[in-house]
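Residues per chain, in single letters:
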Amino acid sequence: MGFLSSLAKGFEKNQIDKYFKRVDLINALEEEISALSDKELRNKTTEFQRRLQEGETEDDLLTEAFAVVREAAKRTVGMRPFDVQLLGGIVLHEGNIAEMKTGEGKTLVATLPAYLNALSGKGVHIVTVNDYLASRDSQWMGQIYRFLGLEVGLIVHGLTTEERKQAYEADITYATNNELGFDYLKDNMVINQHEIVQRKLHYAIVDEVDSILIDEARTPLIISGSGKKSTNLYKTADAFVKTLKAETDYTLEEKDEAVSLTEIGTSRAERYFKIDNLSDVDNMEILHHINQALRAHKLKHRDKDYIVQDDEIIIVDEFTGRLMHGRRYSEGLHQAIEAKERVTVARESVTMATITFQNYFRLYNKLAGMTGTAKTEEEEFSSIYNMNVITIPTNKPMIRQDMEDIIYKNEKVKFDAVIDEIAARHQTGQPVLVGTISIEKSETLSRLLSKKGIRHNVLNAKQHDKEAEIITHAGQRGAVTISTNMAGRGTDIVLGEGVLELGGLHIIGTERHESRRIDNQLRGRAGRQGDVGSSQFFISIEDDLMRIFAGERFETIADKLPDDMPI
């Protein structure tokens, strides 16, 4: 394994060296390109398009095209792509994954290969994890493309068919993975050809590629029609499950996310539903409804896995903390949760079209991606998508201080310690970002901070409309921000005046996530672009992850210590 690892590192170093030679060629053109007038710079797009038609390739044009985009970025958004950003752009153009530390400017990096690959007129899709980022980036980076004479489209929730068609006709289109996938399914269901909105899938750059192509890879996108079955059995099963006692009537295996009736529970079900044998083939439907009701009550939790809004159950994405409008749990689980929360129980749906993200994104002629955390999944990216992961060096050394985790005996003591830590740093004026794993925990912390008289902002799926405003203030002197995973990806927290002298942004994680990449994304909000910053996780034995995977080991030690002493 050591030999293979060193071989891979040697290959990557050779690739980086090769890319830097190309970067030197781009830099050599800077003086010549910067001397052009705005009109002459814009005319370069027409020249490149003509040269492509005459037989040159995108690879032939890369050096000049990247130099043109760099100059356009300087003139429009006031940003000059660094050499490492040019390097990242080359990696993306070649259909690979650029692993770049958070804060290294991935948004700007994408403009380089997007412009180059849009010159053919076949369309480029830049894929983000939510509507907020798609809207922000299409407006912000769109200035560069429009300056160079290209059209920019945006696909977000709520557009008409005509608006979608127009956005897909643009040279470069920003969209979320959900919108792209659902539009593809709808296109495959239309009767009239004129209703098709997407063109042939040419080239996609996927931001937060590990989240979309690994974490959500096998998540099915489903378009369904309404079924005809009655919903009464969901309500009856829900009423029955509410009478059951833990251990006696059912067993819960949190680690395996499994819950099932015991023999005693089965007997109770047979009496409740007035049947002789619950396992009989004629009673499979009743057993299925009971099992889904058990899952709804014991495995799915309000303000963690879903929220209740306007008589609807809306799923919360566990990886991004955002609401997943239009998504429903399958196999009757969604209806079981609706019965549990006493909202309108929708009729069970009939699947009309479905595709996974993995299968959808493999339809593109060329696929590329960016993220701060991809190296751990390198093998999967290579075998499934035929993409290599190239680690891009940082523009400046990373000097963020990541402190050791502190483990407490119980959640109350942990939260008390978190509040004390926030108060101490807040007193100095240092901004603090506190990460939680659920809406419920973010609201608990908010109440504790309010009791302490500390002004703060809360960013979770319930306040998503204020996201831009909250993120803008999160790096200012004295700011305290509590956030779910929403602040973990794609959010750029700019430090206010005098904050660097106070130690930069401090990150407090209040619980470890099952995916270490999510924790690293949270940490990555601080110490961006060589800034000072710090991070620390506060953990308790009562946290879900600790309780399920390491509870007994720590409990033995904890029993011998006072409640308020860290383990």
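Only a predicted model underlies this, so the values are computations on that prediction, with no experimental measurement involved.

(A) Inspection of the sheet that holds strand β2 (residues 124-128) at higher detail. Read across the open sheet, the seven strands follow the order β3-β4-β2-β5-β12-β1-β13; overall the sheet is parallel. Of all strands in the sheet, those bounded by a partner on one side alone are β3 (152-155) and β13 (389-391). Each strand axis lies, on average, 20 degrees off the axis of its neighbour in the sheet, ignoring direction. Relative to strand β5 (residues 203-207), β2 is paired through four bridges, and the arrangement is parallel. Bridge pairing in β5 places I126 opposite I205. Across the sheet, helix α10 (residues 177-187) lies against β2, β3 and β4 (172-176), angled at about 100 degrees from β4, the strand it touches most.

(B) Main features of the domain arrangement of the protein chain. Domain boundaries assigned for the protein chain yield domain 1 (1-222 + 356-390), domain 2 (232-346) and domain 3 (401-559). On the side of domain 2, six residues touch domain 1, which itself brings eight residues to the contact. Contact with domain 2 buries surface across domain 1, with N130, D215 and E216 losing the most and accounting together for 42% of the total. Along the contact surface separating domain 1 from domain 2 lie one salt bridge. The partner of E216 in a salt bridge is R327, and the shortest N-O contact between them spans 3.7 Å.

(C) Fine view of empty space enclosed by the protein. This structure, assessed with the given rule, holds five cavities of 30 Å³ or more. Estimates place the volume of the largest cavity at around 100 Å³. Taken together, twelve residues make up the lining of the largest cavity; nearest its centre are T436, N485, I518, D519 and L522. It is helix α21 (residues 516-523) that provides the largest number of residues to the lining of the largest cavity, a total of three residues.

(D) Broad picture of the pattern of salt bridges. Scanning the model with the defined rule gives 31 salt bridges in all. Members of the salt-bridge network, linked through shared partners, are E30, D38, R70, E71, K74, R75, R80 and D83.

The rules behind the values
Residues numbered from 1 in each chain as written. Predicted model: local features only at pLDDT ≥ 70, side-chain atom pairs only at ≥ 80, totals over all residues. Heavy atoms only, no water. Pairing = 2+ DSSP bridges. Helix = DSSP H or I, 4+ residues; strand = E, 2+ residues; numbered from the N terminus. Axes fitted to C-alpha atoms, helices over the stretch in contact; angles between N-to-C directions. Contact = heavy atoms within 4.5 Å. Domains from an automatic or database assignment. Buried area = accessible area lost by both parts, 1.4 Å probe. Salt bridge = Lys/Arg side-chain N within 4 Å of Asp/Glu carboxyl O. 1 Å grid on protein atoms, 1.4 Å probe; cavity = no way out; pocket = protein on both sides within 12 Å on 5 of 7 lines; lining within 4 Å. Points joined across faces, edges and corners; volume = space filled by probe spheres on them.

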